[in-house]
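Each chain is listed here by its residues.
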Amino acid sequence: MNRPFLSIGSSPPPLFDALRVATWRVDMHSNVSQATVRSVIPGVLYVFVIVQDGAGGRTFNWPPNCLNPAGINAAPNAITVQCFVGLPNNILNANIPAGMYL
C-alpha cells in the first residue's frame, strides 16, 4: 500500500488535507493554535508525526475534529506520533470507544 507522506511547517496554521496524504510530519518552529483537518475518508488510518525543534516547548492544539488525541512531547527535538482512524462527518478518532463502529 502506498501511504503518501507530507512534511509541513508549523506556520502558517497547518491545513491537513486528507485527500492529498494520510501521513503528515509537522516541524514545530512555532506554536500551533488553529490547525485544520479536512476531507477525512472513513476507515482510513491517518498519522501525525510532530517534531519539536532544538528549542522545544512548542505547543500543538489539535483541530476540533480530532477526538481523543494525546498531548505532544515538548522536549527539545522530541518526536510525537499520533494515529487516528477516519470516521464519517470529517472526524478523526484516536481511540474508538466500545460500542462505536465504523
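This report concerns the structure included in the present document. (Residues numbered from 1 in each chain as written. Predicted model: local features only at pLDDT ≥ 70, side-chain atom pairs only at ≥ 80, totals over all residues. Heavy atoms only, no water.)

1. Some thoughts on the pattern of salt bridges
Side chains bearing opposite charge may pair, as long as their charged atoms lie close to each other. On inspection of all chains with the given rule, the structure shows three salt bridges. Residue D17 pairs with R38 through a salt bridge whose shortest N-O separation is 3.3 Å. With D17 in strand β2 (residues 15-17) and R38 in strand β4 (residues 36-38), this pair connects stretches of sequence that are 21 residues apart. Notably, a salt bridge pairs R25 with D27, separated by 2.7 Å at the nearest N-O pair. (Salt bridge = Lys/Arg side-chain N within 4 Å of Asp/Glu carboxyl O. Helix = DSSP H or I, 4+ residues; strand = E, 2+ residues; numbered from the N terminus.)

2. Some words on unusual backbone geometry
Omega for the bond connecting S11 with P12 falls within 30 degrees of zero, at 0°, which places this linkage in the cis form. Inspection of the secondary structure puts P12 in the loop between β1 (5-9) and β2. In this structure, N89 takes a positive phi of about 65° despite not being glycine. Looking at the element boundaries, N89 is found in the loop between β7 (79-87) and β8 (91-93).

3. Points about the environment of N68
Tracing the backbone through its elements, the reader meets N68 in the loop between β6 (66-67) and β7. Classification of N68 as partly exposed rests on a relative accessible area of 46%. In this structure the C-alpha to C-alpha distance between N68 and L92, which are 24 residues apart in sequence, comes to 8.9 Å. Apart from residues no more than four positions distant in its own chain, N68 is found in contact with N93, A94 and N95. Side chain to side chain, N68 and N93 meet in a polar contact 2.9 Å long. (Buried < 20%, exposed > 50% of the residue type's maximum accessible area, 1.4 Å probe, protein only. Contact = heavy atoms within 4.5 Å. Polar contact = N/O pair within 3.5 Å; in protein donor to acceptor, adjacent residues only side chain to side chain.)

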